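Residue-level structural notes
Next come the chains, spelled out residue by residue.
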Amino acid sequence: MSPRVGLDDAVIMQAAATIADETGLQSVTLATLAKQLNVRPPSLYNHVNGLPEIRNKLTLLGLQGLHEAMQEALSKQKQSDSDAVPGLAIAYAQYAMKHPGLYEATININTREHTEEIQQKAAELVELVSNGLRPYLSSAVEAEIIHAVRGFRSLLHGYTSLILSGGFNMAIDRDESFRYMIRAYIAGIQKS
């Protein structure tokens with residue numbers, strides 16, 4: 001059977017990303033994807049090797065999008081000669097809130113289930129954040145830099161997860177809380 005005209009990998013992945021961002025990563029199934037594309041589920045097998053492949057591609061799309069957003073923020077910060085860490089943090093949070101499904105796909109990256117390409121993109125993201133944090137850790141060994149990256153990611157993931165689940169509804173400006181958190185984190189890693 002020949003593939004449907006107009007249906008290709010890019011179209012399928014765009015539909016999968018839309019479903020993930022609108023209703024959550026777990027909502028991406030062959031049935032929901034086929035319905036979104038107005039095809040029968042078996043027709044998708046002409047283009048993909050099943051749901052695990054789609055999930056891996058969503059993970060890669062999420063990692064690429066997050067990397068691009070953070071890289072752009074880092075480039076802007078270098079041009080203005082200002083501190084890169086707040087820009088990285090803002091780019092991370094904005095990406096996660098704009099693309100919650102793709103962001104969710106980036107969270108649990110298990111080396112046994114994901115492709116080498118995904119592992120490489122995840123490593124590039126760690127390197128990008130490491131480069132942003134290095135000025136505060138100039139004499140740190142590599143393990144300390146990884147600790148700092150993990151702390152940074154944990155702060156940002158916690159903040160964005162709480163926002164995405166409806167948290168921080170007090171009258172106090174949550175963006176100011178975000179800036180406060182990042183300033184406190186920077187001060188903390190500078191002391192360690």
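Our subject is the structure listed above.
Residues numbered from 1 in each chain as written. Predicted model: local features only at pLDDT ≥ 70, side-chain atom pairs only at ≥ 80, totals over all residues. Heavy atoms only, no water.

1. Quick word on the overall build of the chain
Summing up its helical and strand segments, the chain has eight helices and zero strands in all. For the chain, the succession of helices and strands along the chain, N to C, is α-α-α-α-α-α-α-α. Within the chain, counting contacts between residues at least 6 apart in sequence, those at least 24 apart form 64% of the total. If you sum the accessible surface of the chain, you get close to 11,000 Å²; carbon and sulfur atoms cover 54% of it. For the chain, the separation between the mean place of its 17 positive charges and that of its 20 negative charges on side chains is 4 Å. (Helix = DSSP H or I, 4+ residues; strand = E, 2+ residues; numbered from the N terminus. Contact = heavy atoms within 4.5 Å. Areas by Shrake-Rupley, 256 points an atom, 1.4 Å probe, with all protein chains shown as cover. Lys, Arg positive; Asp, Glu negative; His and termini not counted. Charge placed at Lys NZ, Arg CZ, Asp CG, Glu CD.)

2. Some remarks on the pattern of salt bridges
By the definition in use, this model includes nine salt bridges. The salt bridge partner of E142 is R134, with a shortest N-O separation of 3.2 Å. Residue classification places E142 among the partly exposed residues on the basis of a relative accessible area of 44%. On the basis of relative accessibility, which here comes to 26%, the residue R134 falls in the partly exposed class. (Salt bridge = Lys/Arg side-chain N within 4 Å of Asp/Glu carboxyl O. Buried < 20%, exposed > 50% of the residue type's maximum accessible area, 1.4 Å probe, protein only.)

3. Remarks on the packing of aromatic side chains
Taken as a whole, this structure holds four aromatic pairs when the rule is applied. On the numbers, 6.1 Å between centres and 40° between planes, the contact of F152 with Y185 is tilted. Here F152 is found in helix α7 (residues 142-164), whereas its partner Y185 is found in helix α8 (residues 174-191), with 33 residues between them in sequence. The exposure class of Y185 is buried, given its relative accessible area of 13%. Joined through ring pairs, the aromatic side chains of Y159, F168 and F178 make up one cluster. (Phe/Tyr/Trp six-rings, centres within 6.5 Å; stacked < 30°, edge-to-face > 60°.)

4. A look at the side chain of T106
Its place among the elements puts T106 in the loop between α5 (100-105) and α6 (116-133). For T106, a relative accessible area of 4% translates into the label buried. Those residues within four positions of T106 in sequence are excluded, and the remaining contacts are T59, G62, L63 and R153.

5. Structural notes on α6
With 18 residues, α6 ought to run about 26 Å at 1.5 Å a step, and its terminal C-alpha atoms sit 26 Å apart, in line with that. Among all positions in α6, only I118, K121, A122, L125, L128, V129, S130, G132 and L133 are buried. (Expected span 1.5 Å × (residues − 1).)

Worth remembering: the numbers are spatial, not functional.
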